[in-house]
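Inside the fold
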Amino acid sequence: MSTGTPTGRPTPVRSSEPVPFLDISGATNDVAEEIRAGWDELLRNGQYVGGKAVAAFEKEWAEYCGTEFAVGVANGTDALHLAIRALGIGPGDEVIVPANTFVATAEAVVLAGAVPRFADVDDGTLLLTPETIKAAVTPATKAVAVVHLYGQLPDMTAITQICDELGLVLIEDAAQAQGATWNGRKAGSFGKVGCFSFYPGKNLGAFGDAGAVVTSDAGLTQLMLSVRDHGRMQSEGGHYSHGVLGMNSRLDGVQAVVLSAKLRHLDGWNQQRRALMATYRELIDPARAKLVEQLEDGEGVHHLAVVQVDQRDRVRELLQERGIGTGIHYPVPCHVMGPYEQYADGPLPVAEAAAARQLSLPMFPHLSQDDARRVAEGLNEVLAELDR
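Residues numbered from 1 in each chain as written. Predicted model: local features only at pLDDT ≥ 70, side-chain atom pairs only at ≥ 80, totals over all residues. Heavy atoms only, no water.

- Under an unreviewed UniProt entry, the protein has the name DegT/DnrJ/EryC1/StrS family aminotransferase and belongs to Kribbella koreensis.

Written out as structure tokens, the structure reads:
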């Protein structure tokens, strides 16, 4: 008896295995042997905070990003906080922040003593634009924190130009964009500083918390090296010379070993993400689901595969029934969160509307193409069912 379809094509095999939203075990397996060797060296030399492993990763990361320097820190939030403080931004200063971002972007501004000035985003990319930046500027605005959300860069040519015209410091929150480019230039290399998180689920993820700031400013680098280490000024007396108000945010050697090992795989993993995203774009019904757009001059790394749908929560439930995991990034815009409402001065309609419709589909480099097709087909089926 034939098991084919009426067209003669074989019937698709439906796996009974669930498709997780995220699984980092494949990436871990790729680098496990190299990491064990690096950790064995740490056990011999005892350089668990700072040391050769951290210095090696900082050099590698700066070279990868196309900057002169990298400063390893404890996590991505500290990367933003430390950079903002080192830039001299504080009380009385405003920093433009997209309302559609993880809360850490706004949190770091407030921790530095400055004020987040929330801006709306583009309806297609859900990223800042020159127009939304200009709409948020006031006489107190000193900087713009451009967030490369989901692993895509906004129009950095135009944003760099508007920042120059308005005299604003450009800060890149590239926590989700390791390896993403605009006109071939890497994320983190456009602003005065580029700030990264290496949380385990990121495209380049540690085995715990870790972060870094990249820059090509030598003086700023020296200041950040001091601030991350309790304000120590090694050039002025050593271990007990505290010349500036500092913090404790040093990158561990244990994590630096992991990051150096994974960095050698990053471009390949990002290419796998691009292939998965291409499958989603090819198969997902654009009449029912709106995938986040990528601008023509950008090459994203698709940290997240975000789609906007009606009845988002019901869609998520029905996908889960089919064994397909999903996530939500981010259901509450920053400017309507309790701690940050005081900084909002009006509605931001695009960010608010998107927050209720955003759904993140499975996306990790070891996700199979078959599973990506299963996700796309499942989403189409669920949306068609809800339409009926």
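So much for the structure itself; the text now carries on.
1. Re the pairing of strand 2 (residues 94-98)
- Where burial is concerned, most of strand 2 is hidden: five out of the five residues are buried.
- Because side chains alternate across strand 2, one face comprises the buried residues Glu94, Ile96 and Pro98, and the other comprises Val95 and Val97, equally buried.
- Bridging between strand 2 and strand 3 (residues 115-119) involves five bridges; their strand directions are parallel. By the bridge assignment, proline 98 is partnered in strand 3 with alanine 119.
- Once the chain exits strand 2 it traverses helix 4 (residues 104-111) before rejoining the sheet at strand 3, and the crossover so formed is right-handed. (Buried < 20%, exposed > 50% of the residue type's maximum accessible area, 1.4 Å probe, protein only. Helix = DSSP H or I, 4+ residues; strand = E, 2+ residues; numbered from the N terminus. Pairing = 2+ DSSP bridges. Right-handed = clockwise from strand over helix to strand, strands pointing away.)

2. Let's talk about the environment of valine 144
- Here valine 144 lies in strand 4 (residues 141-147).
- Overall, valine 144 belongs to the buried group, its relative accessible area being 0%.
- Taking the C-alpha atoms as reference points, valine 144 and threonine 77, 67 residues apart in sequence, are found 16 Å from one another.
- Discounting residues that sit within four places of it in the chain, valine 144 has contacts with Val95, Ile96, Leu128, Ile133, Cys163, Leu168, Val169, Leu170 and Ile171. (Contact = heavy atoms within 4.5 Å.)

3. Describing the sheet that holds strand 8 (residues 193-197)
- The strand order across the open sheet built from seven strands is 1-9-8-5-4-2-3, with neighbouring strands paired in mixed fashion. The open sheet terminates on both sides in strands that have one partner only, identified here as strand 1 (69-73) and strand 3. For this sheet, the mean angle separating the axes of adjacent strands, direction not counted, is 25°.
- Seen against the sheet, helix 4 touches strand 2, strand 3, strand 4 and strand 5 (169-173) and runs at an angle of roughly 150° to strand 3.
- Set on the sheet, helix 6 (residues 156-166) makes contact with strand 4 and strand 5; between it and strand 5 the angle comes to about 145°. (Axes fitted to C-alpha atoms, helices over the stretch in contact; angles between N-to-C directions.)

4. Some words on the packing of helix 3 (residues 76-86) against helix 7 (residues 218-227)
- Look at helix 3 against helix 7: their axes get within 10 Å of each other, and the N-to-C directions meet at 125°. By the angle between their axes, helix 3 is oblique relative to helix 7. Helix 7 is crossed by helix 3, and the crossing has right-handed handedness. Residues Leu82, Ala83, Arg85 and Ala86 of helix 3 form the contact with helix 7, whose own contacting residues are Leu220, Leu223, Met224 and Val227. (Parallel < 35°, antiparallel > 145°, perpendicular 65-115°, else oblique. Left-handed = near helix turned anticlockwise from the far one by under 90°.)

5. Quick look at the packing of aromatic side chains
- Under the criterion given, the structure shown has nine aromatic pairs.
- Their ring planes at 85° and their centres at 5.0 Å tell us that tryptophan 61 and phenylalanine 196 sit as a pair that is edge-to-face. Here phenylalanine 196 lies in strand 8 and tryptophan 61 lies in helix 2 (residues 52-65), a separation of 135 residues in the sequence. As far as burial versus exposure is concerned, tryptophan 61 and phenylalanine 196 are alike and both buried. (Phe/Tyr/Trp six-rings, centres within 6.5 Å; stacked < 30°, edge-to-face > 60°.)

6. Description of the sheet that holds strand 6 (residues 181-182)
- Here three strands make up an open sheet; going across it, the order is 7-6-11 and the pairing antiparallel. Of all the strands in the sheet, just strand 7 (185-186) and strand 11 (298-299) have a single pairing partner and so form its edges.
- Relative to strand 7, strand 6 runs antiparallel, the two sharing two bridges. Counted as the bridge partner of tryptophan 182 is arginine 185 from strand 7.

7. Describing a nonpolar patch on the surface
- A contiguous nonpolar surface patch, about 360 Å² in accessible area, is contributed by Leu43, Tyr48, Val49 and Val254.
- The topology assignment puts valine 254 in helix 8 (residues 253-283).
- The exposure class assigned to valine 254 is partly exposed, which follows from its relative accessible area of 31%. (Patch = residues over 30% accessible without salt bridge, like charges linked within 9 Å, V, L, I, M, F, W, Y side chains within 5 Å. Areas by Shrake-Rupley, 256 points an atom, 1.4 Å probe, with all protein chains shown as cover. Salt bridge = Lys/Arg side-chain N within 4 Å of Asp/Glu carboxyl O.)

8. Some points on the pairing of strand 9 (residues 211-215)
- The buried fraction of strand 9 amounts to five of the five residues, a majority that puts the element mostly inside the structure.
- Of the two faces of strand 9, the one carrying Gly211, Val213 and Thr215 and the one carrying Ala212 and Val214 are both buried.
- In terms of strand pairing, strand 8 meets strand 9 through four bridges, oriented antiparallel. What sits directly across from cysteine 195, in strand 9, is valine 213.

9. Remarks on the pattern of salt bridges
- Tallied over the full model, the rule gives 20 salt bridges.
- Between glutamate 34 and arginine 264 there is a salt bridge, with its nearest N and O atoms 2.5 Å apart. Placement of the pair is glutamate 34 in helix 1 (residues 25-45) and arginine 264 in helix 8, with a sequence separation of 230 residues.
- Look at glutamate 34 and you get partly exposed, because its relative accessible area is 35%.
- Since its relative accessible area comes to 53%, arginine 264 is described here as exposed.
- Between arginine 373 and aspartate 370 there is a salt bridge, and its shortest N-O distance comes to 2.3 Å. Here aspartate 370 and arginine 373 lie together in helix 11 (residues 369-387), a separation of three residues that amounts to about one turn.
- In this structure aspartate 370 comes out as exposed when scored by relative accessible area, which is 53%.
- What you see here is one network of salt bridges that share partners, running through Glu34, Glu60 and Arg264.

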